[in-house]
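What the coordinates show
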Amino acid sequence: MATEDLMSRALSALGEVDGPMSVEVIHRLVDVTGVEEPMSIAEVADLLDLSPHTLRYYERIGLIEVGRDAGGHRVYEPAVVRRLVFLTRMRLSGMAIRDLQHYVELVDAGEDTVPERLEMLLEHRDTVRRQIREFTLSLAATEYKIATYGGATGDGHV
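Figured I'd write up the structure that's included with this text. Fair warning: this is a prediction, and the values are worked out from it, not measured in the lab.

Looking at unusual backbone geometry
One non-glycine residue, Asp-49, lies in the positive phi region at around 55 degrees. Structurally, Asp-49 is set in the loop between α3 (41-48) and α4 (52-60). The exposure class of Asp-49 is partly exposed, given its relative accessible area of 27%.

Here it is as structure tokens:
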């Protein structure tokens, strides 16, 4: 599933939430608590609503390492599936692939990188918050223009 499709699914889920938004919306998108056995590429793609192409792409660019069975088929261990859930959620948040690659490199480098990983996530949060403010301003300007023109924008007004 493309990030745009995942975003549409997430936004639909938001419509079902009463009250303040919580992390539960994100958890409901993908629940992998029962994943304890290795899975095939088709099973993982179905579970995460990702295309096999996306899974192979993530492997090719080093975001995940996937084992192979005796027949040479990809075998996704539970830890890889959990990493894919994280990657999917961070892509949904707008994190760039290059930032995810750096983040994964840090994770693979060990616990000494926790402060740098936290700093990356804090910076990403600040970026998302700024984008929300920018979109809020854009929405207000658009709504103002709609109200000003009464919906008629083709009469020479700019």
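Back to the text.
Observations concerning the environment of Arg-82
With respect to the helices, strands and loops of the structure, Arg-82 is situated in helix α5 (residues 78-92). Classification of Arg-82 as partly exposed rests on a relative accessible area of 47%. Sequence separation between Arg-82 and Val-35 is 47 residues, and the spatial gap between their C-alpha atoms is 8.8 Å.

Points about the side chain of Glu-59
Relative to the elements of secondary structure, Glu-59 occurs in helix α4. A distance of 2.6 Å separates the side chain of Glu-59 from the side chain of Arg-74, its partner in a polar contact. Setting aside anything within four residues of it in sequence, one finds Glu-59 in contact with Ile-64, Val-66, Arg-68 and Arg-74.

Observations concerning the packing of α5 against helix α6 (residues 97-109)
It is the contact of α5 with α6, at a shortest axis distance of 11 Å, that shows an interaxial angle of 145 degrees. Considering the relative orientation of α5 and α6, their crossing is right-handed. Residues Arg-83, Phe-86, Leu-87, Met-90 and Arg-91 of α5 touch α6, and the partners they reach there are Ile-97, Leu-100, Tyr-103, Val-104, Val-107 and Asp-108.

Looking at α3
Every buried residue of α3 is accounted for by Ile-41, Val-44, Ala-45 and Leu-48. Summarising the axial view, the buried residues of α3 lie within an arc of 100 degrees, below the 170-degree limit, and thus occupy one face. For α3, the secondary structure elements touched by its buried residues are α4, β2 (74-75) and α5. Phi turns positive one or two residues past the end of α3, at Asp-49, with a value near 55 degrees.

Calculation criteria
Residues numbered from 1 in each chain as written. Predicted model: local features only at pLDDT ≥ 70, side-chain atom pairs only at ≥ 80, totals over all residues. Heavy atoms only, no water. Helix = DSSP H or I, 4+ residues; strand = E, 2+ residues; numbered from the N terminus. Buried < 20%, exposed > 50% of the residue type's maximum accessible area, 1.4 Å probe, protein only. Polar contact = N/O pair within 3.5 Å; in protein donor to acceptor, adjacent residues only side chain to side chain. Contact = heavy atoms within 4.5 Å. Axes fitted to C-alpha atoms, helices over the stretch in contact; angles between N-to-C directions. Left-handed = near helix turned anticlockwise from the far one by under 90°. Arc of directions from axis to C-beta.

In short, geometric facts, not functional conclusions.
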